[in-house]
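This is what each chain is made of:
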Amino acid sequence: EPEVTQTPSHQVTQMGQEVILRCVPISNHLYFYWYRQILGQKVEFLVSFYNNEISEKSEIFDDQFSVERPDGSNFTLKIRSTKLEDSAMYFCASSLNSGDTQYFGPGTRLTVL
Amino acid sequence: GIQVEQSPPDLILQEGANSTLRCNFSDSVNNLQWFHQNPWGQLINLFYIPSGTKQNGRLSATTVATERYSLLYISSSQTTDSGVYFCAVGKGGSEKLVFGKGTKLTVNP
């Protein structure tokens, strides 16, 4: 069964550094998403992406964040200057159409020191 | 925005017991998904169920959209069912899923 993959599984970085989290969505899916989960809390929506542009974003997704689909298979989340409070599990998801099942990747655990 | 409330927040069972988890939401939805978050943090899709009833093995789910709730049933629970169960909903015209705070299930041998 096709699945969403994410790399790396765990990333440790120093405060102020840039990080790029990578995702490979399911190949025929058209909608892509990033969510995050701070330890012990609920999962929160960050951004959705369709037709090579952001279709929706939350208030969390400020100017420090950006997303890109650099080629036909990868979908990336960049955090320009990480803060301690960016430490969280970041999940990528994809769906075939809007309103369809969103399939989640295994997550990248980001630790900012 | 839409509110999602899950109950109970914590549930402890003996292996073999049955359980019902509830998800209430505050507005009409076009997407409702149940997830199991395993001890490694992975979100496992259980059901896509904006309305109706589905069954998959020992798990089943029912969503009554007109009354704005969904139920997840786990029968003959096993220790591997332990983890956090999340309900997440989406509204028409919005891409995002809004998650509840989850129900933490512990199944003891």
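Here the structure is a predicted model, which means the values were calculated and not measured.

K.L.:
I'd love a proper account of empty space enclosed by the protein, names of residues and values included.
P.N.:
Scanning all chains against the criterion turns up one cavity of 30 Å³ or more. In this structure, the largest cavity spans a volume of roughly 40 Å³. As for the largest cavity, its lining consists of Gly99 and Gln102 of chain A together with Asn30, Asn31, Gly90, Lys91, Ser94, Glu95, Lys96 and Leu97 of chain B. Looking at the lining of the largest cavity, its residues break down into one nonpolar, six polar and three charged.

K.L.:
Tell me about the state of the cysteines, and name the residues and values.
P.N.:
Counted according to the given criterion, the structure contains two disulfides over all chains. Between the sulfur of Cys23 of chain A and that of Cys92 of chain A lies a disulfide, 1.9 Å long from S to S. Across the disulfide from Cys23 of chain A to Cys92 of chain A, rotation about the S-S bond amounts to roughly -65°, and the bridge is consequently left-handed. Residue Cys23 of chain A is found in strand β3 (residues 19-24), and its partner Cys92 of chain A is found in strand β9 (residues 88-95); the two are separated by 69 residues along the sequence. Neither Cys23 of chain A nor Cys92 of chain A differs from the other in exposure class; each is buried. Between the sulfur atoms of Cys23 of chain B and its disulfide partner Cys87 of chain B the distance amounts to 2.0 Å. In this structure, the disulfide formed by Cys23 of chain B and Cys87 of chain B twists by about -60° around the S-S bond and is classed as left-handed. Of this pair, Cys23 of chain B sits in strand β3 (residues 19-25) while Cys87 of chain B sits in strand β9 (residues 83-90), placing them 64 residues apart in sequence. The class for Cys23 of chain B is buried, based on a relative accessible area of 0%.

Thresholds applied
Residues numbered from 1 in each chain as written. Chains lettered and ligands numbered in written order. Predicted model: local features only at pLDDT ≥ 70, side-chain atom pairs only at ≥ 80, totals over all residues. Heavy atoms only, no water. 1 Å grid on protein atoms, 1.4 Å probe; cavity = no way out; pocket = protein on both sides within 12 Å on 5 of 7 lines; lining within 4 Å. Points joined across faces, edges and corners; volume = space filled by probe spheres on them. Nonpolar A, V, L, I, M, F, W, Y, C, P; charged D, E, K, R; others polar. Disulfide = S-S within 2.5 Å. Helix = DSSP H or I, 4+ residues; strand = E, 2+ residues; numbered from the N terminus. Buried < 20%, exposed > 50% of the residue type's maximum accessible area, 1.4 Å probe, protein only.

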